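Report on the structure
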Amino acid sequence: MGKTLGLSQKHLLATPDLSREDIRYLLNTARAFDQYFQTSETPEPIPILKNTTIVHFFFEDSTRTRISFDVAVRRLSGQAIQFSASSSSVRKGETLIDTAKVIQAMKPHALIVRHSSAGSPQVLAEHLQIPVINAGDGFHEHPTQGLLDVLTMEKQLGDLKGKNVLIIGDIAHSRVARSNINLLRKLGATVTVSAPPTFLPPQSEAYPVKYAYRLEEALPDADVVMALRIQSERQTRNRMQIPSTAEYARFWGLNRERVKLMKPGAIILHPGPVNRGVELEPEVADSPISVILDQVSNGIVARMAVLAAICQPQRLQQWLEERGAV
Ligand code: CP
């Protein structure tokens, strides 16, 4: 992998590949983009991705990730091409790798991949010459979601060193939890997970977190509470690993009573989509301490940072230097 100016990676596949310096570079770049769009009355697109074509290579449904990557490409003056598996020749039996090679032959500059199989972006990166950006692979990783989440936390709370982040819910099947845990640990935060036992990953070095077996015990210490959706599509043998969603909501749902246990200034995140009444009571999802829609907005600048750093690192560096942002 060639060393670029700001990021040590050609691809963005998984959060363990990012050094602390890489994470800081991406977060600082995202904040510089954020400032540019907030301070200009009618901000012009930034020309960093001019003449640069990005393919959205999505094999799984998405609202937030797909659209925010699209907006990010446009705000950087690039072109986005949409690939839809359901209307492609994948349906005629073409393999994932052959399909990606066909697209690469049309000379795009990068592929943004979402797929239900964990590790598929890694496999594609091994077979392609162009950069691959992981937009969520099975229950493995969702690195840009992790970046937008830590960006949201930093904007609300400042330096995350020493902060306590509580993640509630289906940790075992969650790519969002895994990416967040890796990034938060590198930024010096402490992560606690709390869930029914069937949703907790086995205690191991892969999950360097604290375990809280009763939600009420963990809530008062948390600076950030992140609720996760139950990933029913990733559970085995078509069987839910909890008795019912109603029972889950009763013991693990974040409701107004449980929010009273949180400390003043603590915030609530959820990567979306939210199942109202299951992991979050509607009044909690819409409350002033919920920053769920801020996460969505921050997703645009976090993804702009990733695209610019990977596809046009020299242009990005020049833009940051011109603005005194490095
Ligand atoms: N958080 C997230 O990945 O949402 P989408 O599935 O809507 O992209």
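None of the values given here were measured: they were computed from a predicted structure. Position labels on residues start from 1 in each chain and follow its written sequence. Thresholds applied to this predicted model are a pLDDT of at least 70 for local features of residues and 80 or more for the giving and counting of side-chain atom pairs; totals over whole chains, interfaces and linings are not thresholded and use all residues. The basis for the side-chain values is all heavy atoms of the structure; hydrogens and waters are excluded.

So, the side chain of T99
Strands are runs of DSSP state E lasting at least 2 residues, helices are runs of H or I lasting at least 4, and numbering of each runs from the N terminus. Tracing the backbone shows T99 in helix α3 (residues 96–104). Apart from the residues within four sequence positions on either side, T99 is in contact with F57, F83, V90 and E94. Contacts between residues were defined by any pair of non-hydrogen atoms, one from each residue, lying within 4.5 Å.

Regarding the packing of helix α5 (residues 143–157) against helix α6 (residues 175–186)
Lines fitted to C-alpha atoms define the axes, with helix axes restricted to the stretch in contact, and inter-axis angles between N-to-C directions lie between 0 and 180 degrees. Contact geometry of α5 with α6 gives a least axis separation of 8 Å together with a crossing angle of 55°. The orientation of α5 relative to α6 falls into the category oblique. Helix-helix and strand crossings are classified by hand; for α5 and α6 the assignment is right-handed. Residues P143, Q145, G146, L147, D149, V150 and M153 of α5 touch α6, and the partners they reach there are V176, S179, N180, L183 and L184. A per-class count over the contact of α5 with α6 returns seven nonpolar, four polar and one charged. Reported orientations rely on four angle classes, namely roughly parallel under 35 degrees, roughly antiparallel over 145, roughly perpendicular from 65 to 115, and oblique for the rest. Handedness of a crossing follows from how the near helix is turned relative to the far one, being left-handed for an anticlockwise turn of less than a right angle and right-handed for a clockwise one. Classification used: nonpolar for Ala, Val, Leu, Ile, Met, Phe, Trp, Tyr, Cys and Pro, charged for Asp, Glu, Lys and Arg, polar for all others including Gly.

Some words on the sheet that holds strand β4 (residues 132–137)
In this scheme, strands are said to pair when DSSP sees at least two bridges between them. Spatial ordering of the open sheet is given by β2-β1-β3-β4, a layout of four strands whose pairing is parallel. Either end of the sheet is taken by a strand with one partner, and the two such strands are β2 (79–84) and β4. With direction set aside, neighbouring strand axes in the sheet form an average angle of 15°. By the bridge criterion, six bridges tie strand β1 (residues 53–58) to β2 in an arrangement that is parallel. Bridge pairing in β2 links V55 to I81.

A look at helix α2 (residues 64–75)
Each turn of an α-helix holds 3.6 residues, which means side chains three or four residues apart point in the same direction. The end-to-end C-alpha distance of α2 is 16 Å, a good match for the 16 Å that twelve residues give at a rise of 1.5 Å each. Buried residues are those whose accessible area, probed at 1.4 Å on protein chains only, stays under 20% of the maximum for their type, while exposed residues exceed 50% and partly exposed ones sit between those limits. Here α2 has its buried residues at T65, S68, F69, D70, A72 and V73. Downstream of α2 by a residue or two, S77 has a phi angle that is positive, lying close to 70°. In a helix, the anticipated span is given by 1.5 Å times the number of residues less one.

Looking at the site of the ligand
In the vicinity of the ligand, the contacting residues are S62, T63, R64, T65, R114, H142, Q145, P271 and G272. Polar contact is defined as a pair of N or O atoms within 3.5 Å, subject to the rule that within protein one atom must be able to donate a hydrogen and the other to accept it, and that residues adjacent in sequence are counted only when both atoms are side-chain atoms. With respect to the ligand, the side chain of S62 contributes an N or O atom lying 2.6 Å from an oxygen atom. Measuring from an oxygen atom of the ligand, one finds a backbone N or O atom of T63 at 2.8 Å. Considering the ligand on its own, with 260 Å² of exposed area, one finds that the protein chains cover 91% of that surface. Among the residues making up the shell around the ligand, the classes are represented as one nonpolar, six polar and two charged. Whether a residue is near a molecule or strand depends on its heavy atoms: if one lies within 4 Å, it is near. Here the accessible surface of atoms and residues is derived via Shrake-Rupley with a 1.4 Å probe, and residues count as covered only by protein chains that are part of the display.

Observations concerning the nonpolar core
The definition of a nonpolar core used throughout is a set of buried Ala, Val, Leu, Ile, Met, Phe, Trp, Tyr and Cys residues joined through side-chain atoms within 4.5 Å. In this structure, F33, I167 and L307 are the most contacted members of the largest nonpolar core, which totals 92 residues. With twelve residues, the single largest contributor to this core is helix α11 (residues 292–311). Filtering out sequence-adjacent residues up to four positions away, I167 remains in contact with A177, N180, I181, V191, T192, V193, S194, M226 and L228. With 15 residues, the next largest nonpolar core counts L13, L124, L128 and V132 among its residues.

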